[in-house]
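# Fold and contact review
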Amino acid sequence: MSHVLEFSFHNPTRIHFGPHSFDRLATAVPAKAKVLLLYGGGSIRANGVYDRVMAALAGRTVVEFGGVEPNPTLETLNRAVDRVRAGGLDFILAVGGGSVIDGAKFVALAALYDGDGWDIVMGAHVPDRALPLGAVLTLAATGSESNSAAVVTRRADLRKKVFYAEPARPRFAILDPAVLASLPDRQLGNGLVDAFVHVCEQYLTYPVGALVQDGYAEALMGALRQLAETFDRRREPDWQQNLMWAANQALFGLVGAGVPTDWATHRLAVELTALYGIDHARTLSIIQPWLLRETIEYKRAKLEQFGRRVFGIPYATAEEAIAATEALYRSLAMPVHLRDTEVRDPDAAARVMQAVREHGNAALGGHAELDDAKTERIIRAACA
Ligand code: NZQ
Ligand code: ZN
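Overview of the structure. Predicted model only: the values in this text are computed from it and were never measured.

## Considerations on the side chain of Lys-105
Inspection of the secondary structure puts Lys-105 in helix H5 (residues 98-110). Of the side chains with opposite charge, Asp-102 lies nearest to the buried Lys-105, which makes no salt bridge, at 4.4 Å. Polar contacts involving the side chain of Lys-105 include one to the main-chain carbonyl oxygen of Asn-147, which spans 2.8 Å. Reaching out from Lys-105, the side chain makes a polar contact with the backbone oxygen of Ala-149 at a distance of 2.7 Å.

## Observations regarding a nonpolar patch on the surface
A contiguous nonpolar surface patch, about 270 Å² in accessible area, is contributed by Leu-5, Phe-7 and Phe-9. With respect to the secondary-structure elements, Phe-9 resides in the segment before strand E1 (14-17).

## A short note on the coordination of the zinc ion (ligand 2)
Listed as protein donors to the zinc ion (ligand 2) are Asp-194 (OD), His-198 (NE2), His-266 (NE2) and His-280 (NE2); their distances from the metal cover 2.0 to 2.1 Å. Counting the intervening residues between successive donors of the zinc ion (ligand 2) yields the motif D-x3-H-x67-H-x13-H. Linking His-198 in helix H7 (residues 185-201) with His-266 in helix H10 (residues 264-276), this pair joins segments that are 68 residues apart in sequence. The pair His-198 / His-266 is uniform in exposure class, with both members buried.

## Observations concerning the site of ligand 1
Lining the immediate environment of ligand 1, one finds 30 residues, of which Gly-41, Gly-98, Ser-99, Lys-160 and Ser-182 sit closest. Here Val-179 contributes a backbone N or O atom positioned 3.1 Å from a nitrogen atom of ligand 1. One of the side-chain N or O atoms of Ser-182 is found 2.7 Å from a nitrogen atom in ligand 1. Taken by itself ligand 1 offers 960 Å² of open surface, and the protein chains cover 88% of this. Those elements that place two or more of their residues in the shell around ligand 1 are H5, strand E6 (149-154) and H7. Looking at the shell around ligand 1 residue by residue, the class counts come to nine nonpolar, 18 polar and three charged. The two domains that each donate at least three residues to the shell around ligand 1 are domain 1 (14-178) and domain 2 (185-383).

Procedures and definitions
- Residues numbered from 1 in each chain as written.
- Chains lettered and ligands numbered in written order.
- Predicted model: local features only at pLDDT ≥ 70, side-chain atom pairs only at ≥ 80, totals over all residues.
- Heavy atoms only, no water.
- Helix = DSSP H or I, 4+ residues; strand = E, 2+ residues; numbered from the N terminus.
- Buried < 20%, exposed > 50% of the residue type's maximum accessible area, 1.4 Å probe, protein only.
- Lys, Arg positive; Asp, Glu negative; His and termini not counted.
- Salt bridge = Lys/Arg side-chain N within 4 Å of Asp/Glu carboxyl O.
- Polar contact = N/O pair within 3.5 Å; in protein donor to acceptor, adjacent residues only side chain to side chain.
- Patch = residues over 30% accessible without salt bridge, like charges linked within 9 Å, V, L, I, M, F, W, Y side chains within 5 Å.
- Areas by Shrake-Rupley, 256 points an atom, 1.4 Å probe, with all protein chains shown as cover.
- Donors = N, O, S within 2.8 Å, 3.2 Å for Na, K, Ca; no water.
- Near = heavy atom within 4 Å.
- Nonpolar A, V, L, I, M, F, W, Y, C, P; charged D, E, K, R; others polar.
- Domains from an automatic or database assignment.

Listed below in structure tokens is the structure:
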């Protein structure tokens with residue numbers, strides 16, 4: 001039977017892209033807003049972004065909250081929620097990468113919820129409102145600046161969890177590629193790979209004849225592949241603006257609309273960050289090749305298409321497509337096994353598998369019919 005495309009698509013985030021996008025900030029934030037300015041560890045102070053933001057917000061009440069960690073924690077974000085309440089603040093401005101923007105989404109939701117904010121992360125409370133939120137993006141990777149997802153970690157029990165909340169989608173996002181100039185190489189590589197895997201997760205399943213979604217996914221992955229092949233030009237503005245737009249488009253909602261998706265790589269990889277603090281993108285490059293090998297028969301047709309159209313391999317086999325993917329990650333000095341990182345834990349595979357089981361991700365099912373045994377083989381291959 002043919003596949004019936006059915007979906008609702010609405011992405012209301014207004015994106016201001018380009019060298020003049022900062023000029024829009026002053027009008028994008030309401031003149032009477034009492035703003036919580038949320039940011040991370042201080043990179044925005046070193047690279048001038050903080051000064052540009054403060055200049056745009058002149059005349060408004062602005063309360064700062066810095067120190068949102070990479071992989072933001074509930075514990076820190078709850079303190080930001082307290083700050084919003086104490087100051088009667090009514091607008092959240094996130095200035096940073098995915099961690100700060102995700103954190104801002106949580107704060108915008110939790111500030112209007114009387115219960116424990118963790119309920120929102122766990123889905124025990126489904127919020128229907130949030131404080132208005134805007135984003136100034138400083139790291140191209142997650143697409144958080146215009147999607148409804150957020151990932152929060154509870155430090156107390158090393159639980160890192162994604163949730164989705166439509167009211168927390170940013171009203172606007174400022175994307176000035178020039179701000180990427182201060183990123184270290186490692187974060188440029190991370191961003192490229194995170195975006196690439198986001199498209200993979202919405203594409204590498206089985207063919208359903210969705211010409212638009214497939215074509216767009218292939219265009220985005222092809223662009224990201226070109227950026228990987230020209231990584232020596234990563235300091236050039238052209239390169240950086242392409243990364244910024246590709247990473248946004250990878251996860252703004254269109255690629256996966258109405259087609260089968262498989263987020264298993266993300267669902268398993270999260271534990272490597274929770275347990276060992278490995279950068280998000282690097283957990284993906286560790287898990288994904290092994291997951292693809294384990295599920296190759298289920299994904300064969302799409303892997304062949306991927307090999308032909310994204311990597312340009314004539315008559316590509318699924319095996320060749322996986323090898324090309326792994327080679328792309330290696331070319332960016334990304335790990336493709338836990339041993340490629342600094343982690344030295346002989347019990348890693350068992351520990352990761354235990355966390356995967358505890359968090360209900362050991363038998364995700366899906367089109368590749370992931371069960372406990374397959375999941376354990378993936379984790380062992382990647383981590384033992
Ligand atoms: O803390 P600051 O000072 O901002 O420094 C950050 C941080 O150390 C630094 N940085 C950011 N912009 C910079 C900069 N340094 C110099 N110049 C700049 N312009 O980079 C480091 C990493 O930042 P972070 O925000 O943690 O990175 P990323 O954007 O990769 O976000 C990762 C988080 O997003 C989640 C991940 O799980 C992780 O928690 N994700 C969110 C998603 C979503 N909302 O849709 C989807 C993703 O799959 C992902 O799970
Ligand atoms: Zn990701």
